[in-house]
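# Coordinates in review
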Amino acid sequence: MRASIRVVLATALFALAGCSSQPIYTAPADLAQVPPETVAQAPERFGDRSVIWGGRVISVDNLPHHTEIEILGYPLDHGQRPQFDQPAAGRFIAVMSGYVEKLNYPAGALVTLRGRIAGTRAGKVGEAPYVFPLVKVEAIHLWTAEELRSNRPNIGIGLGVGIGMH
């Protein structure tokens, strides 16, 4: 009897381990694990370092040779999803090559990206002066509602007999 209990427990542990979400991007060796607001305060310390940041899209601006997406950064969870229930970590501008369709990145959409810090730019948020870190995007992920829901545990354990009717 003890052997069968061990098998059931081991199977349950493997099943639960399979439910945890993995990060979407592998952390590069030169990853700067700091929020955008820290880079904005001391950009010289982080020049050309890699970051994995995420947040909410504020706006998309298509320019002649590239696109800039303003993002309000949030801390990331273990699966690199932005935790928008946490305090914001500063704004930044994601710089992408070529044209990006604005409708693909609507205001409020959640994204996670991997890229390299490419300096800062002075700008404004409303009428307030603001320093935006610039990130040259290497990869970007737009989170779907289904992916965000799948982060929540949906586990049920029970014993019994069931009958299905078709």
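Just above sits the structure.
Residues numbered from 1 in each chain as written. Predicted model: local features only at pLDDT ≥ 70, side-chain atom pairs only at ≥ 80, totals over all residues. Heavy atoms only, no water.

### Brief notes about the environment of P75
We apply this condition: Numbering of helices and strands runs from the N terminus; a helix is a DSSP stretch of H or I covering at least four residues, while a strand is a stretch of E covering at least two. Note on definitions: a residue-residue contact is assigned when non-hydrogen atoms from the two residues lie within 4.5 Å.
Along the chain, P75 falls in the loop between β2 (66–74) and β3 (91–97). Considering only alpha carbons, one finds P75 and D85, ten residues apart in sequence, at a separation of 9.4 Å. Among residues more than four places away in sequence, those in contact with P75 are R81, P82, Q83, Q86 and P87.

### A short note on the packing of aromatic side chains
For clarity, the threshold we go by: Any two of the Phe, Tyr and Trp rings considered here, Trp counted by its six-membered ring, make a pair once their centres fall within 6.5 Å; the pair's planes then place it as stacked at under 30 degrees, edge-to-face at over 60, or tilted in between. Two conditions define a charge sitting above a ring: the NZ of Lys or the CZ of Arg must be within 6 Å of the ring centre, and it must be within 35 degrees of the ring normal.
Scanning the entire structure with this criterion turns up two aromatic pairs. Seen from their ring centres, Y130 and F132 are 4.9 Å apart, and the 55° between their planes marks the pair as tilted. The lysine or arginine in question, R56, covers the ring of F84, its NZ or CZ lying 4.6 Å from the ring centre.

### Quick look at the side chain of T67
Our working rule: Throughout, exposure labels follow a simple rule: accessible area from a 1.4 Å probe, protein chains only, divided by the maximum for the residue type, with under 20% read as buried, over 50% as exposed, and the rest as partly exposed. Each polar contact in these results corresponds to two N or O atoms within 3.5 Å; when the atoms are within protein, one needs to be able to donate a hydrogen and the other to accept it, and residues that are neighboring in sequence are counted only if both atoms are side-chain atoms.
As for its placement among the helices and strands, T67 is situated in strand β2. Relative accessible area serves as the criterion here: at 0%, T67 is assigned to the buried category. In terms of polar contacts, T67 uses its side chain to reach the backbone carbonyl oxygen of G98, at 2.7 Å.

### Digging into the pairing of β3
As a reminder of what qualifies: For two strands to be treated as a pair, DSSP must find no fewer than two bridges joining them.
Within β3, six of the seven residues are buried, leaving the element largely enclosed by the surrounding structure. Of the pairings in the sheet, the one linking β2 to β3 comprises seven bridges and is antiparallel in character. Bridge pairing in β3 links E68 to V95. Direction of pairing for β3 relative to strand β5 (residues 128–142): parallel, over a ladder of three bridges. Within the sheet, the bridge partner assigned to I93 lies in β5 and is L134.

### A short note on the sheet that holds β3
The following threshold applies: Under this scheme, a helix contributes an axis fitted over its contacting stretch, all axes are lines through C-alpha atoms, and angles between N-to-C directions fall in the 0 to 180 degree range.
Pairing is mixed around the closed barrel formed by five strands, whose spatial order is β1-β2-β3-β5-β4. Pairwise comparison of adjacent strand axes, ignoring direction, gives a mean angle of 45° for this sheet.

### A few points about the environment of E37
For E37, the location among the structural elements is in helix α2 (residues 36–41). Classification of E37 by relative accessible area gives partly exposed; the value is 38%. The contacts of E37, once residues within four sequence positions are left out, are A88, A89 and G90.

### A word on the pattern of salt bridges
So the rule is basically this: We count a salt bridge whenever a side-chain nitrogen from Lys or Arg sits within 4 Å of a carboxyl oxygen from Asp or Glu.
All told, the structure shown has six salt bridges when counted by the stated rule. Notably, a salt bridge pairs E68 with R121, separated by 2.7 Å at the nearest N-O pair. Here the residue E68 occupies a position in strand β2, and R121 occupies one in strand β4 (residues 110–125), the gap between them amounting to 53 residues. Given the relative accessible area of 10%, E68 is considered buried. When its relative accessible area of 32% is taken as the criterion, R121 is described as partly exposed. A salt bridge links R91 to E70, with the shortest nitrogen-to-oxygen separation between them at 2.6 Å. Of this pair, R91 sits in strand β3 while E70 sits in strand β2, and the two are 21 residues apart along the sequence. For E70, a relative accessible area of 16% puts it in the buried group.

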